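In case you want the letters, here they are:
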Amino acid sequence: MLKIILSCLHGRSGLQRDVQSWLRRVRTEFVLDDETLVTGTDCEKLGLRRRPD
């Protein structure tokens, strides 16, 4: 899960190919200093989603 969240925050993938193939969209929501922050990505548009070999 941590690698998926980090990929979402960084906008690039360090995930294995089989994991990438499971993802379509990723959204991360967190609270920092009482402010809700949301980040997300469409894995297909960023090229993070790949078909397994």
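Residues numbered from 1 in each chain as written. Predicted model: local features only at pLDDT ≥ 70, side-chain atom pairs only at ≥ 80, totals over all residues. Heavy atoms only, no water.

Caption draft 1: Structural view of the pattern of salt bridges. Evaluation of the coordinates by the stated rule reveals 1 salt bridge. Residue Arg27 is joined to Glu29 by a salt bridge in which the shortest nitrogen-to-oxygen separation is 3.2 Å. Of the residues examined, Arg27 reaches a relative accessible area of 60% and is grouped as exposed. (Salt bridge = Lys/Arg side-chain N within 4 Å of Asp/Glu carboxyl O. Buried < 20%, exposed > 50% of the residue type's maximum accessible area, 1.4 Å probe, protein only.)

Caption draft 2: Molecular detail of a nonpolar patch on the surface. On the surface, Met1, Leu2, Ile5, Leu6, Leu9, Phe30 and Leu32 cluster together into a nonpolar patch covering about 690 Å² of accessible area. Broken down by secondary-structure element, the contributors of at least two residues to the nonpolar patch are helix H1 (2–10) and strand E1 (25–32). Examining the composition of the nonpolar patch, we find that 4 residues originate from one element, H1, more than from any other. With respect to the helices, strands and loops of the structure, Phe30 is situated in strand E1. (Patch = residues over 30% accessible without salt bridge, like charges linked within 9 Å, V, L, I, M, F, W, Y side chains within 5 Å. Areas by Shrake-Rupley, 256 points an atom, 1.4 Å probe, with all protein chains shown as cover. Helix = DSSP H or I, 4+ residues; strand = E, 2+ residues; numbered from the N terminus.)

Caption draft 3: Summary view of the pairing of E1. Direction of pairing for E1 relative to strand E2 (residues 35–42): antiparallel, over a ladder of 8 bridges. By the bridge assignment, Glu29 is partnered in E2 with Val38. The turn joining E1 and E2, which pair antiparallel and follow one another in sequence, is formed by 2 residues; a positive phi near 50° is taken by Asp33. (Pairing = 2+ DSSP bridges.)

Caption draft 4: Local environment of the side chain of Thr28. Note that Thr28 resides in strand E1. A relative accessible area of 11% places Thr28 in the buried class.

Caption draft 5: Structural detail: the nonpolar core. In terms of nonpolar packing, the biggest core is built from 7 residues, these being Ile4, Cys8, Leu15, Val19, Leu23, Val26 and Cys43. Not counting chain neighbours up to four residues away, the residues in contact with Ile4 comprise Leu15, Val19, Leu23 and Val26. (Core = buried A, V, L, I, M, F, W, Y, C linked by side-chain atoms within 4.5 Å. Contact = heavy atoms within 4.5 Å.)

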